[in-house]
Amino acid sequence: MIVAAMVEKKRRDTATSHHRPDGVAPLSVMWLAPQLILMAFAEAFNLLGLLEFYYKEFPDNMKSMSTAMFCVMAGVANYLSSASVTTVHKVTGKHGQPNWLAANINAGRVDYF
């Protein structure tokens, strides 16, 4: 998350300093590579470790239950993520300030989120 915030700050600073009419930052897409690679490794190791733990600890007749539990947990995590985004929209868009996740990405503050 720290890497993502640093890249977003760099992207936003570059976009606001160049004042292009379309609002696009003149940065290479390769700036996204470090954070995406880091997140991919974290997700892969988390998934494999969790499923291996479930398969090792659950009895033989409950192996499929472990996969179902993982899917349910992923669904709950998605709902919590949606609730978090909704909360950020409601809390940060007050007093005439744009919220952190505004439609105009250069006006918003994704690096705070």
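Starting afresh in each chain, residues are numbered from 1 along the sequence in its written order. At least 70 in pLDDT is required for a residue's local features to be given in this predicted model, at least 80 for side-chain atom pairs to be given and counted, and no such filter applies to totals for whole chains, interfaces and linings, which use all residues. Water and hydrogen atoms play no part in the side-chain values, which are based on all heavy atoms of the structure.

1. Structural notes on the side chain of serine 66
Put simply, the rule reads: Helix and strand assignments come from DSSP, with helices taken as H or I runs of at least 4 residues and strands as E runs of at least 2, each series counted from the N terminus. Partly exposed residues are those whose accessible area sits between 20% and 50% of the maximum for their type, while under 20% is buried and over 50% is exposed, using a 1.4 Å probe and protein chains only. Contacts are assigned to residue pairs with any non-hydrogen atoms lying within 4.5 Å of each other.
Along the chain, serine 66 turns up in helix H3 (residues 63–92). Classification of serine 66 by relative accessible area gives buried; the value is 0%. Setting aside anything within four residues of it in sequence, one finds serine 66 in contact with Tyr54, Tyr55 and Phe58.

2. Focus: the pattern of salt bridges
Working definition: two side chains of opposite charge can pair if their charged atoms are close together. This is how it is decided: The rule for a salt bridge is simple: a side-chain nitrogen of Lys or Arg has to be within 4 Å of a carboxyl oxygen of Asp or Glu.
Enumeration according to the criterion identifies 1 salt bridge in this entry. As a salt-bridge pair, lysine 63 and aspartate 60 come within 3.8 Å of each other at their nearest N and O atoms. A relative accessible area of 69% places aspartate 60 in the exposed class.

3. Regarding the packing of aromatic side chains
Under the convention used in this document: A pair of aromatic rings is counted whenever rings of Phe, Tyr or Trp (Trp by its six-membered ring) have centres within 6.5 Å, and the orientation is called stacked for planes under 30 degrees apart, edge-to-face for over 60 and tilted otherwise.
For the structure on display, the rule yields 3 aromatic pairs. On the basis of an interplanar angle of 15 degrees and a centroid distance of 6.3 Å, the ring pair of phenylalanine 41 and phenylalanine 45 is categorised as stacked. Of this pair, phenylalanine 41 and phenylalanine 45 both sit in helix H2 (residues 33–57), 4 residues apart, which is roughly one turn of the helix. Here phenylalanine 41 matches phenylalanine 45 in class, with each residue exposed. Each ring, one from phenylalanine 53 and one from tyrosine 54, has its centre 6.2 Å from the other, and the planes form 45 degrees; the classification is tilted. Accessibility expressed as a relative area gives 48% for phenylalanine 53, which makes it partly exposed. Note on tyrosine 54: relative accessible area 7%, which makes it buried. One aromatic cluster is present, formed by Phe53, Tyr54 and Phe58 through successive ring pairs.

Nothing here speaks to function; it is geometry throughout.
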